[in-house]
Amino acid sequence: IGVHVELLDEAALAFGDLSKYDAIAIGIRAYELRSDLARANQRLLDYAAAGGTLVVQYQRDGVWNQLKPAPYAATIGNGLRTTDENSPVRILEPMHPLLNFPNTIGIEDYSGWVQERGLYYWGTFDAKYTPVLAMKDPGEQEALGALVTARHGKGVYIYTGLSFFRQLPEGVPGAYRLFVNLLSQGKNKK
């Protein structure tokens, strides 16, 4: 899809010039698996505040809720997930930039997902965040923390519990289109 990927090691996170990146995506469970990430968290928040796009993929509740690494208050709910890959998706903010730049994302983009929609959604979050999607398994309450975003300084902070780690290797077109949108927010001049 034309995205140049560079993996950031401990030295790059601690001392590197983060401003050269259009977006930084933090992988699943990274705060749990990389102690250097917690140490570099303020640098990452500063990167976003200076105009960067910081995309944080799902993290587990224990480490996340203890570290509190988001720019504003947010906790991961206990067991908030959508395990049915065909569960309905409700678009809360159809005009939100995450769903409209560079790709227009609609309900059809959630077709063909495999195994699940997402996991480790935020259960509570500050009013500075905007929930973009609502999801639920049959018979369960709707969860709003699957895709949440906020302006942070001049940049954008995005948390997503969506299962991109399952969808991208399977070549699910809608997941690619949405993930590109998340990474592209710094290029959106609207």
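Caption draft 1: Layout of the pattern of salt bridges. In this structure the tally under the stated criterion is nine salt bridges. Ionic pairing is found between Asp-22 and Lys-187, a salt bridge with its closest N-O pair at 3.4 Å. Residue Asp-22 is located in the loop between α1 (10–15) and β1 (23–26), and its partner Lys-187 is located in the segment after α6 (173–183); the two are separated by 165 residues in the primary sequence. Overall, the relative accessible area of 47% leaves Asp-22 in the partly exposed class. Its salt-bridge partner being Glu-32, residue Arg-60 comes within 2.6 Å of it at the nearest N-O pair. One end of the pair, Arg-60, is in the loop between β2 (53–57) and α4 (61–67); the other, Glu-32, is in helix α2 (residues 30–33), and 28 residues separate them in sequence. Glu-32 gets classed as partly exposed once you look at its relative accessible area, which sits at 29%. Members of the salt-bridge network, linked through shared partners, are Arg-29, Glu-32 and Arg-60.

Caption draft 2: Structural detail: the nonpolar core. Leu-54, Trp-64, Trp-122, Tyr-129, Tyr-157 and Tyr-159 are the most contacted members of the largest nonpolar core, which has 31 residues in total. The leading source of residues in this core is helix α3 (residues 35–49), at six residues. Those residues in contact with Trp-64, other than ones at most four positions away along the chain, are Tyr-31, Val-56, Gln-59, Pro-69, Ala-70, Ala-74, Thr-75, Ile-76, Trp-122, Tyr-157 and Tyr-159. Counting 25 residues, the second-largest nonpolar core is a separate cluster that includes Val-55, Leu-99, Phe-164 and Ala-175.

Caption draft 3: Molecular detail of the side chain of Gln-167. Checked against the element boundaries, Gln-167 lands in helix α5 (residues 164–167). By relative accessible area, Gln-167 is classed as buried at 0%. At 3.3 Å, the side chain of Gln-167 and the backbone oxygen of Glu-116 are in polar contact. Discounting residues that sit within four places of it in the chain, Gln-167 has contacts with Trp-113, Val-114, Glu-116, Val-172 and Ala-175.

Cut-offs used in this document
- For every chain, the first residue of its written sequence is number 1, and the numbers climb from 1 along that sequence.
- pLDDT decides what is reported in this predicted model: residues at 70 or higher carry local features, side-chain atom pairs at 80 or more are listed and counted, and totals for whole chains, interfaces and linings draw on all residues regardless.
- With hydrogens and water set aside, each side-chain value is computed from the structure's full complement of heavy atoms.
- Salt bridges are defined as contacts in which a side-chain nitrogen from Lys or Arg sits within 4 Å of a carboxyl oxygen from Asp or Glu.
- Think of it this way: any DSSP run of H or I at least four residues long counts as a helix, any run of E at least two long counts as a strand, and we number them from the N terminus.
- Each residue gets one of three labels from its accessible area relative to the maximum for its type: buried under 20%, exposed over 50%, partly exposed in between, using a 1.4 Å probe on protein chains only.
- What makes a nonpolar core is a set of buried Ala, Val, Leu, Ile, Met, Phe, Trp, Tyr and Cys residues whose side-chain atoms join them at distances within 4.5 Å.
- Throughout, a contact is declared for two residues whenever any of their heavy atoms are within 4.5 Å.
- In protein, a polar contact requires one atom able to donate a hydrogen and another able to accept it; more generally it is a pair of N or O atoms within 3.5 Å, and residues adjacent in sequence count only if both atoms are side-chain atoms.

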